[in-house]
Amino acid sequence: MNENERLLVPHRRRSVNRSALLCYVMSRRHSVNRPPTPDVRDDDDDDEDDRPKEPTLLEIVNIKLIESGEKERLMELVRERLVECGWKDEMRALCRAFIKKNGRENVTVDDLVRAITPKGRASIPDSVKAELLQKIRTFLVSVAH
């Protein structure tokens, strides 16, 4: 099977370079809502700081979720649940109201994200959060054994 044929087979998993994946995860840590934290070094002569950092538990879990494809499945589940409960339509209405209030020409995507994100996070139904948390717990138990 040549390379092109392998890419067309949907059930075959491609191997993941763990170090490349870790670098990707580490580079994606910064949130839209908070600026990146600057790296602070007290002593430039310290050899211990030159060693690569060990990944945190959160980063390890994130890597496992990505490698297994579970992260994408969970994201799709959350998308479906948010559409079902009307959350997406509510956020669309908030965005339109914000744009109408401030004027179409005066609103940037960053302004919109800053204004809508807190409301959006606060309005996610508890049932969606609970279902997601249960799915993550189930995944972690299955990976641990």
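Presented here is an overview of the structure given in this document. (Residues numbered from 1 in each chain as written. Predicted model: local features only at pLDDT ≥ 70, side-chain atom pairs only at ≥ 80, totals over all residues. Heavy atoms only, no water.)

Before going further, it helps to examine the overall build of the protein chain. Looking only at helices and strands, the protein chain features seven helices and zero strands. For the protein chain, the succession of helices and strands along the chain, N to C, is α-α-α-α-α-α-α. Across the protein chain, every contact between residues at least 6 apart in sequence was considered, and the portion connecting residues at least 24 apart equals 67%. Element-wise, carbon and sulfur atoms account for 54% of the exposed surface of the protein chain, whose accessible area totals about 12100 Å². (Helix = DSSP H or I, 4+ residues; strand = E, 2+ residues; numbered from the N terminus. Contact = heavy atoms within 4.5 Å. Areas by Shrake-Rupley, 256 points an atom, 1.4 Å probe, with all protein chains shown as cover.)

Within the structure shown, the criterion is met by eight salt bridges. Between Arg73 and Glu70 there is a salt bridge, with its nearest N and O atoms 3.0 Å apart. Of the two residues, Arg73 and Glu70 are both situated in helix α4 (residues 70-84); the distance of three residues between them amounts to about one turn of the helix. A residue is classified by how much of its surface remains accessible, and Glu70, at 15% relative accessible area, is buried. One salt bridge connects Arg81 with Glu84, and the closest N-O pair in it is separated by 3.7 Å. Taken together, the positions of Arg81 and Glu84, both in helix α4 and three residues apart, correspond to about one turn of that helix. Of the residues examined, Arg81 reaches a relative accessible area of 24% and is grouped as partly exposed. (Salt bridge = Lys/Arg side-chain N within 4 Å of Asp/Glu carboxyl O. Buried < 20%, exposed > 50% of the residue type's maximum accessible area, 1.4 Å probe, protein only.)

Leu82, Trp87, Met91, Val107, Leu112, Ile116 and Val128 form the largest nonpolar core, which has seven residues in total. If you list the elements that add at least two residues to this core, you get α5 (87-102) and α6 (109-122). Discounting chain neighbours no more than four positions away, the residues touching Met91 are Ile116, Lys119, Gly120 and Ser123. (Core = buried A, V, L, I, M, F, W, Y, C linked by side-chain atoms within 4.5 Å.)

All right, on to α6 then. Taking 1.5 Å of rise per residue, the 14 residues of α6 would be expected to cover 20 Å, and the 20 Å separating its terminal C-alpha atoms lies within 8% of that figure. The sharpest bend along α6 measures roughly 40° and falls at Ile116, with the proline Pro118 sitting one to four residues further on. Turning to α6, its buried residues are Leu112, Ile116, Thr117 and Gly120. Residues of α6 that are buried make contact with α5. (Expected span 1.5 Å × (residues − 1). Bend = angle between axes of the 7 residues up to and from the residue.)

Moving on, we come to the environment of Leu112. Structurally, Leu112 is set in helix α6. On the basis of relative accessibility, which here comes to 18%, the residue Leu112 falls in the buried class. With 16 residues separating them in the primary sequence, Leu112 and Arg96 have C-alpha atoms 9.7 Å apart. When neighbours within four sequence positions are excluded, Leu112 is seen to be in contact with Cys95, Phe98, Ile99 and Val107.

The next thing to look at is the packing of helix α3 (residues 57-68) against α4. For the pair α3 and α4, the least separation of the axes is 5 Å and the interaxial angle reads 85°. Here α3 lies roughly perpendicular to α4, going by the angle between them. Along the contact surface, α3 presents Asn62, Leu65, Ile66 and Ser68, while α4 presents Glu70, Lys71, Arg73 and Leu74. Split by residue class, the contact of α3 with α4 holds three nonpolar, two polar and three charged. (Axes fitted to C-alpha atoms, helices over the stretch in contact; angles between N-to-C directions. Parallel < 35°, antiparallel > 145°, perpendicular 65-115°, else oblique. Nonpolar A, V, L, I, M, F, W, Y, C, P; charged D, E, K, R; others polar.)

All right, on to the packing of α4 against helix α7 (residues 126-144) then. Interhelical geometry of α4 versus α7 gives an angle of 165° and a closest axis separation of 10 Å. Considering the angle they form, α4 stands roughly antiparallel to α7. As α4 packs across α7, the resulting crossing turns out to be right-handed. Facing α4, whose interface residues are Glu70, Leu74, Leu77, Val78, Arg81 and Leu82, α7 presents Val128, Glu131, Leu132, Lys135, Ile136 and Phe139. (Left-handed = near helix turned anticlockwise from the far one by under 90°.)

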